[in-house]
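In case you want the letters, here they are:
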Amino acid sequence: MASSPCGNSNFDSGLEIKTRSVEQTLIPLVSQITTLINHKDKPKKSERTLAAIHRVGQAVSVAVGRFVAVGEAIATENQELKDEMGQACFEARRAGDAIAQLTDVGSAVPSQSDGRVTVFSDRTGMVKAARLLLSSVTKVLVLADRIVIKQIITSRNKVLVTLDHLERVSTFQEFVQIFSQFGNEMVEFAHLTGDRQNDLKDEKKKARMAAARAVLEKCTMMLLTASKTCLRHPDCESARINKDAVFHRMRCALEQVIEIVTEARSCGENKILTASIYNGIKDFKSSVECLRENLYSLAPQSVAGQLEALVERTEDFTDSAYTSHEQRQAILGLCQLARQDTQQLVHAWVEAQSVHAKEPTEDMEVSILKTCQNVNDLRRELHKVAVGRASDLLKVHGEQLPLRALKAAGAEGNLEAVAEYSRTLTEQKEQLVETCRLLCHVSGTEPLEITCIHAEETFHVIGPQIISAAQTLALHPSSKIAKENLEVFCEAWESQLCDMALLLREINDVFEGRRGDKRPYLSLPRPGKHSANLKTAKAVKLDAEEQTSMAKLGLELRLLSSDVDTEVEKWEEQEHDIVRQSQSLASMAYNMYLFTRGEGLLKTTLDLFHQAEVLSEEGLQLCSSLRTFSAQVDSSIQTTRSILTVVLSLLPFCNKLNKKYKSERTSLSSPQDWRERQDSSTPVKEEGALNSKNSNGFGVKSLEQHMAGLNLLESK
């Protein structure tokens, strides 16, 4: 953006648009200005064209006026930005007025040759005015965005102060009062950070924000029960350890949110993300394929070094005690093939450089193709190993046997059993942590890598917290609050397993090329809506009990929707109406769960009610489909009943015939004579009686057909 003819415009340099709301607000303005600028190359216009240009210019001016009024109102509410915002609004208004004047037909000059009106006689002025307008409007938007950041920081600071008070309370009465305040502040913080998360353009930051907010959501409930347990049993060391871990994790999550919104550097983040095998394969393939464009851009040794670094990362798979011998050999074999093909590529590359070739030789091209194919095969094998292990673990851990055993042992006060089952849970935790690390290697996108890291950290932290909660219960087996505390931590573990199942599905979707687009949500502040004290939120604040109830209901929706997704995946006929409608219901339930967290597409209570309405309609359709399906089953059962009724009516008569047959055999004549008599005689009366007995029309052939039908039903 160039300098303005009207004065100072150096303030616009270095502005970066980081949120969708700023970007989406600028798009219509850029479009209108582009329309005006595009007409400057043809200065002679018809009356219709002139009228259109005039309308666009006036529309820009009016829109800028409204926009500036909003900016000035925001500046009034935020005195620390008043000067900067005022200057930006002044520049925007001046630029809007300049554009309106330049597009005013009344001030245009008639052409001397044909009498037509000429506009944009001051081409330089229009370009400068357009640049100044975009610069100043962007400045206003970025300043407004800084206000959102300030509100999040202020909200976080309030939460931290109350968190410190909560940690130091010594009585239940004091705790209840402060926790109620803490709950209200957390609701405010959740809404602000939820809006910010949905508005971020950077998917990696969005994933980090989601992970931090998930920790805060789960820890709020843990903090309640862990603190109550510590107050009830103040001398219990395991209860204190349990509580301290929750407070520490909440503070870390709050700090992470601020790092994201203020763009503070996180020392460990880049180190973790760049170490994945997916990134290594992507970078290696990029280096190899770049040789087609330039043979001299890299040193041959650097490509070989990249491959060795990549192979070294596969040790997370090959060194694992849980990797089978066959899987280990397959990975090692693919690594060796990749080494051989890379060596051949380097050899052909060096030869091409020695003769000063300007493009890859045929041998080089073949080696490039083989090398890329081998690393693709390696990625596919690693994906199969990681996803397969995760699926197996989820099936095994879905039964929650160690958690049940820990609850039972704790309730019985059996410390030895708690210690034994704690070792089992610790082993499961280590398996899950390692599996999350493997999934991170093959996740396919940086946001999913971040989610894998979050899952790994969650299992790593919650495992010991469950154990300390179980130890507390074992020491105080009659304590209801200690029992409730253990339940909350076990629910968090189960919830993370559900999250892992969803993560696994997303990783598979990325690997197979299935990724859906999400509708953006905009969160720029409006006067009176996002003021620092958020006065408008007071009318809908919930007390601690209501927040707890809402969180539990939301979690139940999440778990149930995940269970529905799991069940419908078992259907072979995925296009069946019941499957489709069940998936739709689960998706809507998940949206309602996100609403309880201040996330997702449902932003207001009205949105929630509308979603419930749609869910109700979809439920009725599912009910209709189920009724139809049930009628089909019912018809089959009715047919089977009819067959059995016929069989029941025949059995006594057949029994009578059988007895008569046996009595015939006891006669003086031999069985051979009896058979000969039957062959030469006329049909016996009993056969006629049989036919007459079958008054419902079923003959022998008909009976056989129905019995065949019965067998068919059984086979189905």
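The structure reproduced in this document is the subject of the present report.

About the cut-offs
Residues numbered from 1 in each chain as written. Predicted model: local features only at pLDDT ≥ 70, side-chain atom pairs only at ≥ 80, totals over all residues. Heavy atoms only, no water. Helix = DSSP H or I, 4+ residues; strand = E, 2+ residues; numbered from the N terminus. Buried < 20%, exposed > 50% of the residue type's maximum accessible area, 1.4 Å probe, protein only. Contact = heavy atoms within 4.5 Å. Areas by Shrake-Rupley, 256 points an atom, 1.4 Å probe, with all protein chains shown as cover. 1 Å grid on protein atoms, 1.4 Å probe; cavity = no way out; pocket = protein on both sides within 12 Å on 5 of 7 lines; lining within 4 Å. Points joined across faces, edges and corners; volume = space filled by probe spheres on them. Nonpolar A, V, L, I, M, F, W, Y, C, P; charged D, E, K, R; others polar. Salt bridge = Lys/Arg side-chain N within 4 Å of Asp/Glu carboxyl O. Axes fitted to C-alpha atoms, helices over the stretch in contact; angles between N-to-C directions. Parallel < 35°, antiparallel > 145°, perpendicular 65-115°, else oblique. Left-handed = near helix turned anticlockwise from the far one by under 90°. Patch = residues over 30% accessible without salt bridge, like charges linked within 9 Å, V, L, I, M, F, W, Y side chains within 5 Å. Lys, Arg positive; Asp, Glu negative; His and termini not counted. Charge placed at Lys NZ, Arg CZ, Asp CG, Glu CD. Polar contact = N/O pair within 3.5 Å; in protein donor to acceptor, adjacent residues only side chain to side chain. Phe/Tyr/Trp six-rings, centres within 6.5 Å; stacked < 30°, edge-to-face > 60°. Core = buried A, V, L, I, M, F, W, Y, C linked by side-chain atoms within 4.5 Å.

All right, on to the overall build of the protein chain then. A tally of regular secondary structure across the protein chain gives 23 helices and 2 strands. Burial analysis of the protein chain (716 residues in total) assigns 43% to the buried set. Considering only residue pairs separated by 6 or more positions, the protein chain has 79% of its internal contacts joining residues 24 or more positions apart. Surface accessibility of the protein chain: about 38,200 Å² in total, with carbon and sulfur atoms responsible for 54%.

Looking now at empty space enclosed by the protein. For the coordinates displayed, the defined rule picks out 1 cavity of 30 Å³ or more. If you add up the space inside the largest cavity, you get close to 30 Å³. Every residue along the wall of the largest cavity is listed here: Lys18, Arg196, Leu200, Lys205, Ile260, Val261 and Glu263. Across the lining of the largest cavity, the residue classes tally to 3 nonpolar, no polar and 4 charged.

On to the pattern of salt bridges. Within this structure, the stated rule accounts for 25 salt bridges. We note a salt bridge from Arg93 to Glu72, for which the minimum N-O separation is 3.2 Å. In this pair, Arg93 sits in helix H3 (residues 82-102) while Glu72 sits in helix H2 (residues 47-77), placing the two residues 21 residues apart along the sequence. The class for Arg93 is partly exposed, based on a relative accessible area of 34%. Measuring nitrogen to oxygen at the nearest pair gives 2.7 Å for the salt bridge that ties Glu434 to Arg389. Of this pair, Glu434 sits in helix H15 (residues 415-442) while Arg389 sits in helix H13 (residues 362-397); the two residues are 45 residues apart in sequence, bridging distant segments of the chain. Note on Glu434: relative accessible area 18%, which makes it buried. Taking relative accessible area as the criterion, Arg389 reaches 10% and is therefore assigned buried.

Here the focus is the packing of H13 against helix H17 (residues 480-511). Two quantities define a packed helix pair, namely the angle between the axes and the distance from one axis to the other. Between H13 and H17, the least distance of the axes is 11 Å, while the angle of their chain directions is 155°. Comparing the axis directions of H13 and H17 gives the class roughly antiparallel. Crossing of H13 against H17: the hand is left-handed. For the pair H13 and H17, contact is made by Arg379, Arg380, His383, Val387, Ala390, Ser391, Leu394 and His397 and by Leu497, Met500, Ala501, Leu504, Ile507, Asn508 and Phe511, respectively. Grouping the amino acids of the contact of H13 with H17 by side-chain chemistry returns 9 nonpolar, 4 polar and 2 charged.

With that settled, consider a negative patch on the surface. Residues Glu312, Glu315, Asp316 and Asp319 make up a contiguous surface patch of negative charge. Its place among the elements puts Asp316 in helix H11 (residues 315-318).

So, about the side chain of Arg196. When you line up the elements, Arg196 lands in helix H5 (residues 172-199). A polar atom in the side chain of Arg196 sits 2.5 Å from the side chain of Asp145.

For His356, which is not glycine, the phi dihedral falls at a positive 55°. Topologically, His356 is positioned in the loop between helix H12 (325-354) and H13.

The next point concerns the packing of aromatic side chains. Summed over all chains, the structure comprises 3 aromatic pairs. Between Phe175 and Phe179, the ring centres sit 5.6 Å apart and the planes meet at 25°, which makes this aromatic pair stacked. In this pair, Phe175 and Phe179 both sit in helix H5, 4 residues apart, roughly one turn of the helix. Per residue, the accessibility class of Phe175 equals that of Phe179, and both read buried. The interplanar angle of 70° and the centroid separation of 5.2 Å between the aromatic rings of Phe459 and Trp493 together place this pair among those described as edge-to-face. Note that Phe459 is positioned in helix H16 (residues 446-475) and Trp493 in helix H17, a separation of 34 residues in sequence. With respect to burial, Phe459 and Trp493 carry one shared label: buried.

Our focus in this paragraph is the nonpolar core. Membership of the largest hydrophobic core comes to 105 residues, with the highest contact counts inside it found for Phe182, Leu223, Phe317, Met364, Leu439, Ile466 and Trp493. If one sorts the elements of this core by residue count, H17 sits on top with 13 residues. Here Met364 is in contact with Leu291, Leu295, Leu345, Ala348, Trp349 and Ala352, once residues within four sequence places are set aside. Val60, Val64, Cys89 and Ala144 belong to the second-largest nonpolar core, a separate cluster that totals 23 residues.

A few words now on a nonpolar patch on the surface. A cluster of nonpolar side chains, namely Phe629, Val633 and Ile637, defines an oily patch on the protein surface of about 260 Å² accessible area. Phe629 sits in the partly exposed class, given a relative accessible area of 38%.

Limitation: the analysis is restricted to geometry and does not speak to function.
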